[in-house]
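Observations on the three-dimensional arrangement
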Amino acid sequence: QVQLVESGGGLVQTGGSLTLSCAASGNIFSINSMGWYRQAPEQKRELVANVFTGLAPHYADSVKGRFTISRDNAKNTVTLQMNSLKPEDTGVYYCDIGFCSDHGCYDDYWGQGIQVTVSA
C-alpha cells in the first residue's frame, strides 16, 4: 500500500502565505514525479506545479512567481510554498505522484485533498 499524507492547508487572507507538504510512504520502488493539483468547486482539477525526476519544476502560468515547489527525494516529500495568495487560489489541493512499486507503475496517484481558502 501507498499513503500520501498532506498537510498545511487552511484559511488565509489575500496576500498571505501557506505551505503545503505531502509525504509519500509505503510500497514505493521509485518516484517519477511529485506535484500538486487543485480543484475549485464545480471546476476541473488543474495542475498547479509538478516536478519530474531529473527535470526542472513546471508551474501553471497563474502561479508563476508566487508559488515554489520543491522535493526532498530522500524523504519522498514535496512542498509547495504559496505566497501572495489570491481568492482565485481557493480550492482543494491534491498531492499527486507518479511512482513504481513491485506491483507496477502508476502515472497518477492522488492524495485525499486539503482545503485552501483565501478570503478577500
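Bear in mind the structure is a predicted one, so any value in this text is a computation, not a measurement.

**A short note on the environment of Glu-88**
Looking at the secondary structure, you find Glu-88 in the loop between strand E8 (77–82) and strand E9 (91–101). Between the C-alpha atoms of Glu-88 and Lys-64, which are 24 residues apart in sequence, the distance is 14 Å.

**Side note on the state of the cysteines**
Each disulfide consists of a covalent bond between the sulfur atoms of two cysteine residues. As enumerated under the stated definition, the model contains two disulfides in all. With its sulfur 2.0 Å from that of its partner, Cys-22 forms a disulfide with Cys-95. Handedness of the Cys-22-Cys-95 disulfide follows from its S-S torsion of about -85°: it is left-handed. Here the residue Cys-22 occupies a position in strand E3 (residues 18–26), and Cys-95 occupies one in strand E9, the gap between them amounting to 73 residues. Among the residues examined, Cys-22 registers a relative accessible area of 1% and is labelled buried. Each sulfur of the disulfide joining Cys-100 and Cys-105 lies 2.0 Å from the other. Taking the torsion about the sulfur-sulfur bond, which here is approximately 105°, the covalent link between Cys-100 and Cys-105 counts as right-handed. Disulfide connectivity for the protein, with bonded cysteines indexed by sequence position, reads 1-2, 3-4.

**Considering the pairing of E8**
Going residue by residue along E8, you find Val-78, Leu-80 and Met-82 tucked away on one face and Thr-77, Thr-79 and Gln-81 left uncovered on the opposite face. Pairing between E3 and E8: six bridges, direction antiparallel. In the sheet register, Cys-22 faces E8, and the bridge partner there is Val-78. Relative to E8, strand E7 (residues 67–72) runs antiparallel, the two being bridged by six bridges. Along E8, the bridge assignment pairs Ser-70 with Thr-79.

**Focus: the sheet that holds E7**
With respect to topology, four strands assemble into an open sheet ordered E1-E3-E8-E7, the strand pairing being antiparallel. Every other strand in the sheet has two partners, leaving strand E1 (2–7) and E7 as the edge strands with one partner each. Pairs of neighbouring strands in the sheet enclose a mean axial angle of 15°, with direction left out of account.

**Focus on the side chain of Arg-38**
Take Arg-38: it is sitting in strand E4 (residues 30–39). Look at Arg-38 and you get buried, because its relative accessible area is 6%. A distance of 3.4 Å separates polar atoms of two side chains, one belonging to Arg-38 and the other to Ser-62.

Scoring rules and cut-offs
Residues numbered from 1 in each chain as written. Predicted model: local features only at pLDDT ≥ 70, side-chain atom pairs only at ≥ 80, totals over all residues. Heavy atoms only, no water. Helix = DSSP H or I, 4+ residues; strand = E, 2+ residues; numbered from the N terminus. Disulfide = S-S within 2.5 Å. Buried < 20%, exposed > 50% of the residue type's maximum accessible area, 1.4 Å probe, protein only. Pairing = 2+ DSSP bridges. Axes fitted to C-alpha atoms, helices over the stretch in contact; angles between N-to-C directions. Polar contact = N/O pair within 3.5 Å; in protein donor to acceptor, adjacent residues only side chain to side chain.

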